[in-house]
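Architecture and fold: a report
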Amino acid sequence: GRAAPACDNAGRARPLDVMLQVNTSGEESKSGVAPGEEARALARYVRESCPRLRLVGLMTIGMPDYTSRPENFDCLRRCRHEVAEELGLEAASLGLSMGMSGDFEAAIRMGSTNVRVGSTIFGARG
């Protein structure tokens with residue numbers, strides 16, 4: 001990966017906090033690992049092979065209308081539980097970044113610990 005060398009080049013003394021992106025919607029237009037074994041394997045790899053990185057949680061960019069598709073949020077919560085179990089951690093020790101300007105209230109209700117609300121604050125990109 002490129003993150004560890006970037007930390008070295010920046011002279012960073014502390015590990016960089018990272019979140020794993022999980023493609024909870026299965027859309028080809030979205031990046032991220034698949035929920036399940038891919039997510040668990042990447043989490044193991046980060047913990048065992050990337051001393052310059054510290055896994056702090058999971059993130060997703062789900063389908064555009066979360067209000068009608070809460071399964072994207074549910075999927076990430078299940079994935080966090082599986083990853084935590086795999087790593088011997090409490091699920092609550094891993095954050096959940098889910099929800100953007102259009103759906104952050106639903107994301108918070110469903111357990112998000114981090115939301116991305118740029119367009120709510122700054123307006124649409126243009």
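Residues numbered from 1 in each chain as written. Predicted model: local features only at pLDDT ≥ 70, side-chain atom pairs only at ≥ 80, totals over all residues. Heavy atoms only, no water.

With that settled, consider the overall build of the protein. When its secondary structure is counted, the protein shows five helices and four strands. Along the protein, from the amino end to the carboxyl end, the secondary structure elements read α-β-α-β-α-β-α-β-α. When each of the 126 residues of the protein is scored for burial, the buried share is 34%. Residue pairs at least 24 apart in sequence account for 55% of intrachain contacts in the protein once pairs closer than 6 positions are excluded. (Helix = DSSP H or I, 4+ residues; strand = E, 2+ residues; numbered from the N terminus. Buried < 20%, exposed > 50% of the residue type's maximum accessible area, 1.4 Å probe, protein only. Contact = heavy atoms within 4.5 Å.)

Let's shift gears to the confidence of the model for the protein. Of the residues in the protein, 86% reach a pLDDT of 70 or more, and the chain-wide mean stands at 86. Model confidence for the protein, summarised as mean pLDDT per element, is weakest for helix H1 (residues 3-9) at 66 and strongest for strand E2 (residues 53-59) at 96. (pLDDT = per-residue confidence, 0-100.)

In space, the four strands of this open sheet follow the order E1-E2-E3-E4, with parallel pairing throughout. Since the sheet does not close on itself, it has two edges, and those belong to strand E1 (16-21) and strand E4 (114-116), each with one partner. Shown here is a sheet whose adjacent strand axes are inclined to one another by a mean of 35°, direction ignored. Relative to strand E3 (residues 95-100), E2 runs parallel, the two sharing three bridges. When the sheet's bridge partners are listed, leucine 58 is paired in E3 with leucine 96. Running at roughly 165° to E1, helix H2 (residues 37-49) makes contact with E1 and E2 of the sheet. Relative to E3, helix H3 (residues 71-87) is tilted by about 165°, and along the sheet it contacts E2 and E3. (Pairing = 2+ DSSP bridges. Axes fitted to C-alpha atoms, helices over the stretch in contact; angles between N-to-C directions.)

Let's shift gears to the environment of proline 70. Structurally, proline 70 is set in the loop between E2 and H3. Judged by its relative accessible area of 31%, proline 70 is partly exposed. Measuring from C-alpha to C-alpha, the distance between proline 70 and methionine 110 comes to 8.4 Å, with 40 residues separating the pair along the chain.

Its 13 residues place the ends of H2 17 Å apart at the C-alpha level, agreeing with the 18 Å of an ideal helix rising 1.5 Å per residue. Where H2 is buried, its residues touch E1, E2 and H3. (Expected span 1.5 Å × (residues − 1).)

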